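# What the coordinates show
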Amino acid sequence: MRTVNAYAAYEKSANLDPYQFDVTPVEGHNCTIRVLACGICHSDIHVIDNDWGMSEYPVIPGHEVIGEVVEIGSEVTNLKVGDRVGVGWQASSCLQCRDCLSGNENLCDENKPLIIDSKGGFADYLIVDSRFAFHIPAGIETKVAGPLLCAGITVYSGLRYGGMTSGQEIGIIGIGGLGHLAVQFASKLGNRVTVFTTSEDKAQFAREMGAQDAIVIPKGSNPPEPDRKLDILLSTVPVSLDWAAYIEYLDSDGTLVMAGVPDEPLTIPLLSLLVKRRRVMSSPIGGRAMMMEMLSIADRFGIAPIVETFPFDRVNEAMDKVRENQIRFRAVLTR
Ligand SMILES: [Zn+2]
Ligand SMILES: [Zn+2]
């Protein structure tokens, strides 16, 4: 028997308070991870606030978990005790439907999020299906690895399914937790990156991250007429923009990829899609093979989030700063 010390929201929108529970030795495909670091994502806040109507309290947030395997079930073959692994948003899937068998476990009808059906990583230990725990390459530091497991895979998979290879023109809307990673993935893989942001200092920062062009569009304004066209435009902001104007930035066969999810439906004249055979798509996290590929690319090309770290016992201070958008660019709890 092991006692797990976690932080939980006991009710909707509550601060996090200590929460203890006992676990029996792991069985089957499960493993126990000693948590070394855990990123904080806006989805943690959506679940604490029950914004999606599926939260079960107490909620133990945390789905950008990095830790060391300390115990494995009898059927675990992909991990061993002592391995450093990461766990993201997805805790399990059926592993036998067509989506799962084609490497799209993230699209499985049976897919289960880590912090809704089970307990997340704001804890000293995490118990999880080993088939959804991923080896972290040695070149990626523990304190920056967590955000790759959610923010990183979200933008990487979105760009890949949007058609990203290399040598392309790629636009990124928003330079926050998602956007600053998207700029790195797109530019380090040999694409020419244009960012759309609201301030000159974020534009300057995006250039330092690898963007060639930055278009500053103050809040409430529309983008100027494009003077060059994009193969892919990835939006990382959860707000409604003048999508009809942004669509005009896409070249023929270009794709608008929505990683941020605005509340309102998109308003795009179909004719502006039709005449240039443009597409609009959206994409949730990524499958297991894509996760391994993303981690390998991040390791080889030195791609990492910029993080602000907090000890676990200052979790509420960190959560408040995330709620108030005061973090540049991802908050991570560390030991
Ligand atoms: Zn997340
Ligand atoms: Zn499935």
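Further up the page is the structure itself.
Residues numbered from 1 in each chain as written. Chains lettered and ligands numbered in written order. Predicted model: local features only at pLDDT ≥ 70, side-chain atom pairs only at ≥ 80, totals over all residues. Heavy atoms only, no water.

## A word on the coordination of the zinc ion (ligand 2)
Those donors, C94 (SG), C97 (SG), C100 (SG) and C108 (SG), are the protein atoms that reach the zinc ion (ligand 2), and they lie 2.3 to 2.4 Å from it. Here the zinc ion (ligand 2) is ringed by four donor atoms whose angles at the metal span 104 to 116 degrees, and the overall shape comes out tetrahedral. Written as a sequence motif, the donor residues of the zinc ion (ligand 2) are C-x2-C-x2-C-x7-C. One end of the pair, C97, is in the loop between β6 (90–92) and α2 (98–101); the other, C108, is in the loop between α2 and β7 (112–113), with eleven residues separating them in the sequence. We classify C97 as partly exposed; its relative accessible area is 23%. According to the relative accessible area criterion, C108 is buried, its value standing at 2%. (Donors = N, O, S within 2.8 Å, 3.2 Å for Na, K, Ca; no water. Tetrahedral: all angles 85-135°; square planar, octahedral: opposite > 155°, others 65-115°. Helix = DSSP H or I, 4+ residues; strand = E, 2+ residues; numbered from the N terminus. Buried < 20%, exposed > 50% of the residue type's maximum accessible area, 1.4 Å probe, protein only.)

## Focus on empty space enclosed by the protein
Per the counting criterion, the structure on display carries one cavity of 30 Å³ or more. Looking at the largest cavity, its volume works out to about 70 Å³. Lining the largest cavity we find G88, W89, Q90, E105, F132, F134, L149, I285, G286, G287, R288 and M291. Of the residues in the lining of the largest cavity, the class split is six nonpolar, four polar and two charged. (1 Å grid on protein atoms, 1.4 Å probe; cavity = no way out; pocket = protein on both sides within 12 Å on 5 of 7 lines; lining within 4 Å. Points joined across faces, edges and corners; volume = space filled by probe spheres on them. Nonpolar A, V, L, I, M, F, W, Y, C, P; charged D, E, K, R; others polar.)

## Considering the sheet that holds strand β12 (residues 213–216)
Taken in spatial order, the six strands line up as β12-β11-β10-β13-β14-β15 in an open sheet, and their pairing is parallel. Of all the strands in the sheet, just β12 and β15 (279–282) have a single pairing partner and so form its edges. Looking at each pair of strands side by side, their axes are set apart by 20 degrees on average, direction ignored. Relative to strand β11 (residues 192–197), strand β10 (residues 169–173) runs parallel, the two being bridged by five bridges. (Pairing = 2+ DSSP bridges. Axes fitted to C-alpha atoms, helices over the stretch in contact; angles between N-to-C directions.)

## Notes on the pairing of strand β5 (residues 84–87)
As paired strands, strand β4 (residues 65–72) and β5 are joined by four bridges and run antiparallel to one another. By the bridge assignment, I66 is partnered in β5 with G86. Where β5 and strand β9 (residues 134–135) come together, two bridges link them in antiparallel fashion. Paired with G86 across the strands is F134, a residue of β9.

## Focus on the layout of surface pockets
As a volume, the second largest pocket reaches approximately 160 Å³. If you go around the second largest pocket, the residues you meet are N78, L79, S130, R131, A133, F134, H135, R288, M292 and L295. At the level of secondary structure, the elements contributing two or more residues to the lining of the second largest pocket comprise β9 and α10 (288–301). Examining the composition of the lining of the second largest pocket, we find that three residues originate from one element, α10, more than from any other. Residues belonging to the lining of the second largest pocket are distributed by class as follows: five nonpolar, three polar and two charged.

## A closer look at the coordination of the zinc ion (ligand 1)
Ideal geometry at a metal centre gives angles of 109.5 degrees when four donors are arranged tetrahedrally and 90 or 180 degrees when six donors are arranged octahedrally. Looking at the metal site, the zinc ion (ligand 1) is ligated by C41 (SG), H63 (NE2) and C150 (SG), spaced 2.0 to 2.2 Å from it. The sequence pattern formed by the donor residues of the zinc ion (ligand 1) is C-x21-H-x86-C. On the criterion of sequence distance, the pair formed by H63 in the loop between α1 (42–48) and β4 and C150 in the loop between α4 (142–145) and α5 (151–161) is long-range, its members being 87 residues apart. Neither H63 nor C150 differs from the other in exposure class; each is buried.

## Side note on the environment of L250
Position of L250 relative to the elements: it lies in strand β14 (residues 250–258). Other than its neighbours up to four places away in sequence, L250 contacts K229, L230, D231, I232, L233, T255, L256, R278 and R279. (Contact = heavy atoms within 4.5 Å.)

## Looking at the pattern of salt bridges
As a working rule, side chains carrying opposite charge can pair if their charged atoms are close by. Throughout the structure, instances matching the rule amount to 17 salt bridges. R330 is the salt-bridge partner of E64, the closest N and O atoms lying 2.4 Å from each other. Here the residue E64 occupies a position in the loop between α1 and β4, and R330 occupies one in strand β17 (residues 330–334), the gap between them amounting to 266 residues. For the pair shown, E64 and R330 are each scored as buried. Look at the salt bridges and you will find they share partners, linking E169, R192, D213 and R228 into a network. (Salt bridge = Lys/Arg side-chain N within 4 Å of Asp/Glu carboxyl O.)

## Focus on the side chain of R278
Structurally, the position occupied by R278 is in the loop between α9 (270–274) and β15. At 3.5 Å, the side chain of R278 forms a polar contact with the backbone oxygen of I247. If near-sequence neighbours (up to four positions away) are discounted, R278 is found in contact with K229, I247, E248, L250, D251, G254, S272 and L273. (Polar contact = N/O pair within 3.5 Å; in protein donor to acceptor, adjacent residues only side chain to side chain.)

## Quick notes on the side chain of S157
On the secondary structure map, S157 appears in helix α5. At 3.3 Å, the side chain of S157 and the backbone oxygen of I285 are in polar contact. With sequence-adjacent residues up to four places away left out, S157 is seen in contact with S283, I285, G286 and M290.

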